[in-house]
Structure formats: C-alpha cells, structure tokens
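Geometric and topological summary
What follows is each chain in one-letter form.
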Amino acid sequence: MSAPEQQQAPPPPEPGEPDPAHGYEPVAPHWFYRKVTDGRERWVPFSSQDSERLEEAHGSGRGKEDLVVPTSGGRYDVHLRQRQRVAVYWEEEVSEVRRCTWFYKGDKDNKYIPYSETFSEELEEAYMVAVTLDEWKKKLESPSREIIILHNPKLMVHYHPVASSDDWGSTPTEQGRPRTVKRGVENIAAEIPNGEPLQIDHLVFVVHGIGPACDIRFRSIVQCVNDFRNVSLSMLQAHFKKAQEQQQIGRVEFLPVNWHSSLHSTGVDVDLERITLPSINRLRHFINDTILDVFFYNSSTYCQTIVDTVASEMNRLYQLFLRRNPLFKGGVSIAGHSLGSLILFDLLTNQKAAPEEDEHSQEGSRTTSSNRGIEAVKEILKKLELSEYCDVFEKEKMDRQALFLCTETNLKEMGIPLGPRMKILHYISSKAEMQDQSAAGPGHSGECGAEPGSPSQHDDGGNCQYRDVGLGQVSANYPQLDYKPTIFFAFGSPIGMFLTVRGVKRINPNYSLPTCKGFFNIFHPFDPVAYRIEPMIVPDLEFEPMLLPHHKGRKRMHLELKEGLTRMSVDLKNNLLGSLRVAWQSFTRAPLPAVEGASAEAEGEAEASVEKQPEIKAEEPPVAVKEEASLINVGRLNGGNRIDYVLQEKPIESFNEYLFALQGHLCYWESEDTVLLVLKEIYQTQGITLDQPLPGSQ
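Residues numbered from 1 in each chain as written. Predicted model: local features only at pLDDT ≥ 70, side-chain atom pairs only at ≥ 80, totals over all residues. Heavy atoms only, no water.

As summarised here, the arrangement of the 7 strands in space is E14-E13-E15-E16-E17-E19-E18, forming an open sheet in which the pairing is parallel. Each end of this open sheet is capped by a strand with a single partner; those strands are strand E14 (251-257) and strand E18 (546-547). Where strand E17 (residues 518-523) and strand E19 (residues 644-646) come together, 3 bridges link them in parallel fashion. By the bridge assignment, Asn521 is partnered in E19 with Asp644. (Pairing = 2+ DSSP bridges. Helix = DSSP H or I, 4+ residues; strand = E, 2+ residues; numbered from the N terminus.)

Below, the structure written as structure tokens:
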C-alpha cells in the first residue's frame, strides 16, 4: 500500500462498533452486582481490576466446581457458579452478580440496566449476524415479551409491551416510549473504579456509637466505614503520591465492628416493649433503640454483653483477616465513634501488658529500659548514702518499680542489714504517700481503695495512676485483645465527661494505656457529645486544642478572615490604650516643679497616681496564635504528643452552632481532615510522611 493510501485510511472504529474492514468483533464483558438501597435497585460495576479477575476465573472455571473470587479489597467473595456476592467480615444480604454485555436505559433514573446473561447472548448473536451479513432491522422478543429492534450499530431501541386485546389473545407491539439499548460497558458512561491497591499496610477496626444508624442519613456502620475507606483512598492519592509511586505504601483497611445488634438480640427489646407507653410511639422507639444504649452500658449486666461483643468481634475479625491475608505484617489500630470510643477506652485501660514489658517499665512508662531502672535505683541508694549495696541490687536485677514493691522480708533475704533496711523502707513509704497525695485531688480520698484483683487494680508501688482512670467503671470482666493496638482514635468522644462523672478529676501525666502507644481525641467544635481530655491531665493551664489543618493545606477562608479581623482589632485597641496611657502619664506629671527641693517628691506623687489607676492590659492574641506560641506537655497518654484535635467548621456551619450540632456529631465519616490525620499518624509509625507537610500540623 502506498504512502498516500495509508494517510487516507479510515479511522479505527469506536469500541463496541463493528469494523467494516474486519467485520464483527466480540463485545468486552464487564461484571456488575445488584445493590438494593431503600427499596431502589441499581446495578453497580465492579472495579476494572475485579472484573478482569472475575472474567479470567469465568473463562477457566466453566463447568467445574464453584470458584470463589475475592473482590472489593477482599471484603466480598463472588461465587461464580451461583452468581452471588457475599460479604466476608459482616452480615449483609447476598447480592446477585451478572456478567454484562448489553444494557437498556431505565425509566426512573435514566441509569442503564443490564440484560440477563442468556438474553444478552441472544442479542449478541443477532448483532453478529446483522454485522456479518449487513442485514439490520432485526427484531427480538425478550423473555418478558418486550421488543428490541436493531436498526443499525448506533441505533438500537427497546419497547415496552403494550397488549392489544382481541379474540386471538394479546400480542406485543412496538407502541409505547422506546428505551435506548447499548452494547458494551464503554458506551453507557458508567463510572468504573480502577480498584484498590492489593498491599495492606495497616488494619483499623471501627466501633460505632449508640443506635443502629451512624450518620444523618440513618446509614449503618458498614456504609459509613465504606465512606471513610473511600475518602482514605483519595487522600492517599493526593497526599502520599510519592510513596505510592515508589511502592512504599499500599492502603489502610478499615473494618466495622457492630455490637448494637448483639445487644438488642438478648431479648431486652421485648422487655422494653412491655413497659413502653403507647403515646408518641416513634419517639419512644427511637429512644429505646438509641439513647438507652448509654444506660445499657452503665448496667453491669449489659455492659458485660457489650464489652464481650466488641472484644470478641474484633478478635474474630483479626483472626479472619490474618487467614485471608497471610502475608500481612502491618500493625492494628482501633477507632471509636461516640459511645464506641468509651467502650474501647475502658477495654484498653483494662488490658494487661506483657510480663516482659512490666519488668522494664518505670512508673508506667513504656519506653524506659531495664538499665535505666537499675540506674535509678543506684541514684536512690546514693542519695540514702547506701552506695555500697548497689552491687547487691544490680545482681538481683532490682529496678525502681521492683524496689517500690520490696518488703522488709525481701530486703532481709538480700542480706541488707537492719539500719539500711529501715532507711530504704522509710524512703519507699514516704514516696508512696507523696504520690498518693499528688494523684488524689479533693474528693479523691477513696480512689486507691479498689478491690484487689479488680480490673483497675495494679500494683505499682503505691502509684494510683491506673486506678484513677479505672475509678467508677462498671464492674465487668474486661476481655483481652489478641493484638496490641498501635493507635486509638476517638471521634466525637464523651470519654472526658464519663471519667469526670465517675469521679476522676485528674489523669496522672505519667499514665499511658497499657498496650496502646497513641491516643487521639478528634472532635468537631459544635459536637454536643464531644469532650476534651487534655485539661484533665494539665488542669492548671488553659490552652486550646490543636486545630486540624485543612486537607488542601490551609485554613478555611472564613476562619482566616475571622482571625485576621480579630488580630487587627486587638492591635488597634492595644495601640489606642497605649496612647491613652502615655497621655495620662504626661498629664498627671508636673511640667516644672514650683520648689526646687520638692521636685523629687512631686515626681514620686505623680508616679504613684499613675500606679493607682486601673491597670490596662493588652488583649491576648487570638486562639490560633496562642496555640502555636508554645508546645505543651500533656503527659504520656499519647507519647508526649498532643491529644485533642478540633476540626475546622465549614462556612455555613459558623452561622448557627445549634443548627449544625447534630451534623457536627455525625460528620466524621466523610471528613477529609479527620481521615488525613488518621493516615498521617498511622504512616508516621512506619517512617512515611506526607508529600508536603500541612501548615499547623504537629
């Protein structure tokens, strides 16, 4: 073929259309599953990755045993022979799966609906004959007696059956409003996701709060966590692009933990139904189904049910996840919303650290090594002028914690004479009393009286830090988790309020969760259920929570404007007050002394009169400036880092705090700022940081 002929060659046909030069080309199938939401049915395409995997299994497994293909990041299994999509980690209605090639436009929402696989094969066969023989106007009748006409490759229509009654029965006609028919998924403008990264770096269990609904749209925890996961994938692409390109990271998996259904399957709903008044029926049932969960948790009977369900469900999910992902080497974190965060907090405070960690701990610190503990004992002995016994204590591997557990019998068995024994015992008792007094504020005289062996009782040399946090907890046998969480995230959490109501006025700065290194308390400023934690650790210092940076790298415009105007007004007011002060001082001071000897006295009186005036203080800078001014030590609960993080309200939310209070409590599932903080802290434990640090982030 000559060059001019090559230049004039017709363009290749679009996907799904016949090529005149080559004739018929088979259609490329795509797999869909049927999803029913609020009685409305829609067909959702699998990701390109999942569809290719399903098609490959379909091609290799026809006629054989039922093949099972994991999809959606391993959260759903597709049984090919049965054409069913089954949830792996939670209970969900089984969905129908279909291998789709032909579609027609629906009546209600103009979404394309796939034909059945059998009828699609008939359509494809008729289409192949029409293309091969160039004979169109093909008419087919569907199983539901609907008419499909293939006019040409670009015009194919579907008619509703309109029955015309006569003596010979009813026959379908071409009357009625036609619906568009399309061949191939590429012609229906479906949004097909690419799929999720196969590598899972970290696992997060998410526990819901009160009631079965978790957001303003009354959706379940599964649907809300799906949103949270989807937001995390977009945040990874936007803020961890370099790490993704270098294949350093994959993704974080979020799995929901449901305890509400187990609680309300105990028969308590039937008991409540007997005593519920018939008036305002809907409101009473709403209260029984949601708000009463708080009272259930404060009942020893149902508290045990709740903590058992949460712990066993997380352990079950963890073991199932490991079986399905045998190569997983990442960490595990937990997150709780509302009451769910309190349940997790109580579980974590009652976890038992490994024995080897207890030996190497010093006053609850999870980072202090055994060597440092022994050195601390040497310093104590040196202070007591008993340095000659350092070798004896070192030989017995006696660290500071072990020293505070020593009795006179123990010291005698170590060969310590009576005099040194008395000195050491006196030192131990005096230090224990000081720690008790510092840990127990007003009204806390009974905090150290926990029953021996109770979940909140920990022997650590008289230190009441563990018992402070466990004070007032419902008496229950708190189960142990099969893993040690890396970080605990609390969303819209009432932990601070519950601790205060239980009688805990202050959290010891040295306290840390026994098995969890990190703790973040994240809340919306208008959330009516959320409370802070840091003021319970540092009660004598007033400071603001950390402002979560916007995921796009700056503060919201209305907050910047508000802060700028506040700063400007403060500067103007300070300058005006400063000018008035100078004017007043010059006015009250005598310009020329009348008597030479009285000049010093007059000056002193003038200065005294100025000092007697009410002192005019310059106003403090706005909150944002104050929070960045200095770093605040908030104890070891989050490894020395800040704990309280507040989201930035949206511009429309700032008009009325009360109007958006409920939305503020339910906003976390789709909050990019919340998700980004979670990802940032998780990947920071692996040494991976954001592409560009956000302003104001820690």
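Okay, the sheet that holds strand E3 (residues 68-71) next. The 6 strands are arranged E2-E1-E6-E5-E4-E3 in an open sheet whose pairing can be described as antiparallel. Bordering the open sheet on either side are strand E2 (40-45) and E3, each of which pairs with just one other strand. When the angles between neighbouring strand axes are averaged without regard to direction, this sheet yields 30 degrees. (Axes fitted to C-alpha atoms, helices over the stretch in contact; angles between N-to-C directions.)

Relative to the assigned elements, Ile221 resides in helix H4 (residues 221-239). Spatially, the C-alpha atoms of Ile221 and His208 are 6.3 Å apart, while their sequence positions differ by 13 residues. Residues in contact with Ile221, not counting those within four places in the same chain, are Val206, His208, Pro212, Cys214, Pro256, Asn258 and Trp669. (Contact = heavy atoms within 4.5 Å.)

The next subject is the side chain of Asn288. Within the secondary structure, Asn288 sits in helix H8 (residues 281-289). Residue Asn288 is classed as buried on the basis of its relative accessible area of 14%. Reaching out from Asn288, the side chain makes a polar contact with the side chain of Thr276 at a distance of 3.1 Å. In contact with Asn288, other than residues within four places in its own chain, are His264, Leu272 and Thr276. (Buried < 20%, exposed > 50% of the residue type's maximum accessible area, 1.4 Å probe, protein only. Polar contact = N/O pair within 3.5 Å; in protein donor to acceptor, adjacent residues only side chain to side chain.)

Moving on, we get to the nonpolar core. Ranked by size, the top nonpolar core spans 107 residues in total, and within it Phe205, Met314 and Phe488 carry the most contacts. Here the element with the most residues in this core is helix H10 (residues 300-324); it accounts for 10 residues. With residues near it in sequence (within four places) discarded, Phe488 still touches Ile334, Gly336, Ser341, Leu344, Phe345, Leu348, Ile495, Leu513, Cys516, Gly518, Phe519 and Phe520. Counting residues in each nonpolar core, the second largest holds 18 residues, with Leu381, Leu386, Phe404 and Leu411 among its members. (Core = buried A, V, L, I, M, F, W, Y, C linked by side-chain atoms within 4.5 Å.)

Okay, helix H11 (residues 339-349) next. Because each turn of an α-helix spans 3.6 residues, side chains separated by three or four positions in sequence point in the same direction. With 11 of 11 residues buried, H11 lies mostly within the body of the structure. Within H11, the full set of buried residues consists of Leu339, Gly340, Ser341, Leu342, Ile343, Leu344, Phe345, Asp346, Leu347, Leu348 and Thr349.

Inspection of the entire model under this criterion finds 23 salt bridges. Of the charged contacts, one joins Glu253 and Arg251 as a salt bridge, the two residues approaching to 3.2 Å between their closest N and O atoms. For the pair Glu253 and Arg251, one class covers both residues: buried. Across the pair Arg532 and Asp644 runs a salt bridge whose closest N-O atoms are separated by 2.9 Å. One end of the pair, Arg532, is in the loop between E17 and helix H20 (534-537); the other, Asp644, is in strand E19, and 112 residues separate them in sequence. By relative accessible area, which is 22% here, Arg532 ends up partly exposed. Judged by relative accessible area, which is 0%, Asp644 ranks as buried. Taken together, the shared-partner salt bridges in this structure form one network comprising Arg75, Glu196, Arg229, Arg251 and Glu253. (Salt bridge = Lys/Arg side-chain N within 4 Å of Asp/Glu carboxyl O.)

Below, the discussion takes up the pairing of strand E9 (residues 138-141). Looking at chain direction, E9 and strand E10 (residues 147-152) are connected through 4 bridges and run antiparallel. The residue bridging Lys138 from the neighbouring strand is Leu150, located in E10. Taken together, E9 and the strand that follows it, E10, pair antiparallel across an intervening segment of 5 residues, in which Arg145 is found at a positive phi of about 65 degrees.

Considering all chains together, one arrives at 21 aromatic pairs under this definition. Residues Phe205 and Tyr483 carry aromatic rings whose centres are separated by 5.7 Å and whose planes lie at 40 degrees to one another, so their mutual orientation is tilted. Of this pair, Phe205 sits in strand E13 (residues 200-207) while Tyr483 sits in the loop between helix H18 (465-470) and strand E16 (487-491), placing them 278 residues apart in sequence. Classification of Tyr483 by relative accessible area gives buried; the value is 8%. Three or more aromatic residues link up through ring pairs in this structure, and these residues are Phe228, Phe254, Phe491, Tyr668 and Trp669. The cationic tip of Arg85 hangs over the ring face of Tyr33; the distance from NZ or CZ to the ring centre is 3.8 Å. (Phe/Tyr/Trp six-rings, centres within 6.5 Å; stacked < 30°, edge-to-face > 60°. Lys NZ or Arg CZ within 6 Å of the ring centre and 35° of its normal.)

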